[in-house]
Amino acid sequence: MSNKVDAFVVAVDGPSASGKSTVSREAAKALQVMYVDSGAMYRGLTWKAVREGVDVKNAQAVIDMMGGVNWEIFVEDLILRFTIDGDDPTDHLRSEPVRERVADIAVIPEVRQFMVDRLRETATFGSLVMEGRDIGSVVFPDAAFKYYLDADPEERARRRHLELLETEGKGNVDEVLNSLARRDKIDSTRATAPLQIPLGAVVINTTAMSIEDVVQRIVADVNGR
Ligand code: CDP
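Residues numbered from 1 in each chain as written. Predicted model: local features only at pLDDT ≥ 70, side-chain atom pairs only at ≥ 80, totals over all residues. Heavy atoms only, no water.

Engineer: Could you give me a rundown of the site of the ligand, with the residues and numbers involved?
Structural biologist: Around the ligand, 19 residues are found, and the nearest of them are Arg43, Arg94, Arg112, Arg183 and Asp187. Within the side chain of arginine 112, a nitrogen or oxygen atom sits 2.7 Å from an oxygen atom of the ligand. Sort the elements by how many residues they give to the shell around the ligand and helix 2 (residues 38-52) lands first, with four residues. Counted by class, the shell around the ligand contains five nonpolar, four polar and 10 charged residues. (Near = heavy atom within 4 Å. Polar contact = N/O pair within 3.5 Å; in protein donor to acceptor, adjacent residues only side chain to side chain. Helix = DSSP H or I, 4+ residues; strand = E, 2+ residues; numbered from the N terminus. Nonpolar A, V, L, I, M, F, W, Y, C, P; charged D, E, K, R; others polar.)

Okay, structure coming up:
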């Protein structure tokens, strides 16, 4: 899996706003290993489609576009980053047009295969914490550490709504609930690599837990084994 002695993978999966991103970033920091946000790669490709006016429901058009994309993937301050055709898409990845289309791009098997290959390659950089939907099930089924974070839908909508208020200054909690439910449904019912609890994963329900508690739980577990 990695060319470095003692390198390990921590796979963190779960639905949107289950706390995955913040927890994974903080756990990677505490463990002093690289952090990889796999969703950012799916979002990056979606951003490219939006920019080029490619219909994300047209799988062939997405696949054709994907073939011409130049990805540069690199590590900066222990965070995996990338550029697409020379542009850094970071500021656009959580925009409305991207978040409403990303799940449709992520159902395309060829897109998934491409991302899985890129994500596996990142392990050559050393130990890492990677978050996503299929990390413990498909990308790294042999990961030494697997976690599945979940939370009640209302709590997840509340968290995402707060994030939106911070980043966009607006947001409607019912709309957020509907948008999350729509994405959950696409993610859990797709034919290729649906969102599921990976075999051997520790399930953590974060509804009533603070971020620090969840991070602590994972870090203590990894350090203790
Ligand atoms: O932050 P949030 O959990 O809402 O989303 P994300 O992790 O950035 O992922 C965005 C979307 O990308 C998900 O809803 C999935 O459709 C897709 N995705 C995936 O299919 N597989 C992954 N490993 C990561 C993301």
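Engineer: Give me the packing of aromatic side chains: which residues, what numbers.
Structural biologist: Scanning the model with the defined rule gives three aromatic pairs in all. Between phenylalanine 8 and phenylalanine 145, the aromatic rings sit 5.9 Å apart at their centres with planes inclined by 80°, giving edge-to-face as the arrangement. With a gap of 137 residues between them, phenylalanine 8 in the segment before strand 1 (9-13) and phenylalanine 145 in strand 6 (residues 145-150) connect regions that are remote in the sequence. Ring geometry for tryptophan 71 versus phenylalanine 82: centroids 5.4 Å apart, planes at 50°, classification tilted. A residue pair is termed long-range when its members are at least 10 positions apart, and tryptophan 71 in strand 3 (residues 71-76) and phenylalanine 82 in strand 4 (residues 79-84) qualify at 11 residues. No difference in accessibility class separates tryptophan 71 from phenylalanine 82, as the two residues are buried. Connected via pairs of aromatic rings, a cluster forms that spans Trp71, Phe82 and Phe114. Its guanidinium or amino end placed over the ring of phenylalanine 114, arginine 118 lies 4.6 Å from that ring's centre, counting from NZ or CZ. (Phe/Tyr/Trp six-rings, centres within 6.5 Å; stacked < 30°, edge-to-face > 60°. Buried < 20%, exposed > 50% of the residue type's maximum accessible area, 1.4 Å probe, protein only. Lys NZ or Arg CZ within 6 Å of the ring centre and 35° of its normal.)

Engineer: Describe the pairing of strand 5 (residues 128-132), listing the residues and the values that go with them.
Structural biologist: Most of strand 5 is tucked away, with five of its five residues classed as buried. Going residue by residue along strand 5, you find Leu128, Met130 and Gly132 tucked away on one face and Val129 and Glu131 tucked away on the opposite face as well. When strand 1 meets strand 5, the two strands line up parallel, connected through five bridges. Opposite valine 12, over in strand 5, you have glutamate 131 as the bridge partner. In this sheet, strand 5 lies alongside strand 2 (residues 34-37) in parallel orientation, the contact comprising four bridges. Bridge assignment links methionine 34 to a residue of strand 5, and that residue is leucine 128. (Pairing = 2+ DSSP bridges.)

Engineer: Quick rundown of the pattern of salt bridges? Include the residues and the values.
Structural biologist: In the structure shown here, the tally under the stated rule is 20 salt bridges. In this structure, the salt-bridge partner of arginine 133 is aspartate 187, at a minimum N-O distance of 3.3 Å. You can see arginine 133 sitting in the loop between strand 5 and helix 6 (135-139) and its partner aspartate 187 sitting in helix 8 (residues 173-189), a full 54 residues away along the chain. By relative accessible area, aspartate 187 is classed as buried at 5%. (Salt bridge = Lys/Arg side-chain N within 4 Å of Asp/Glu carboxyl O.)

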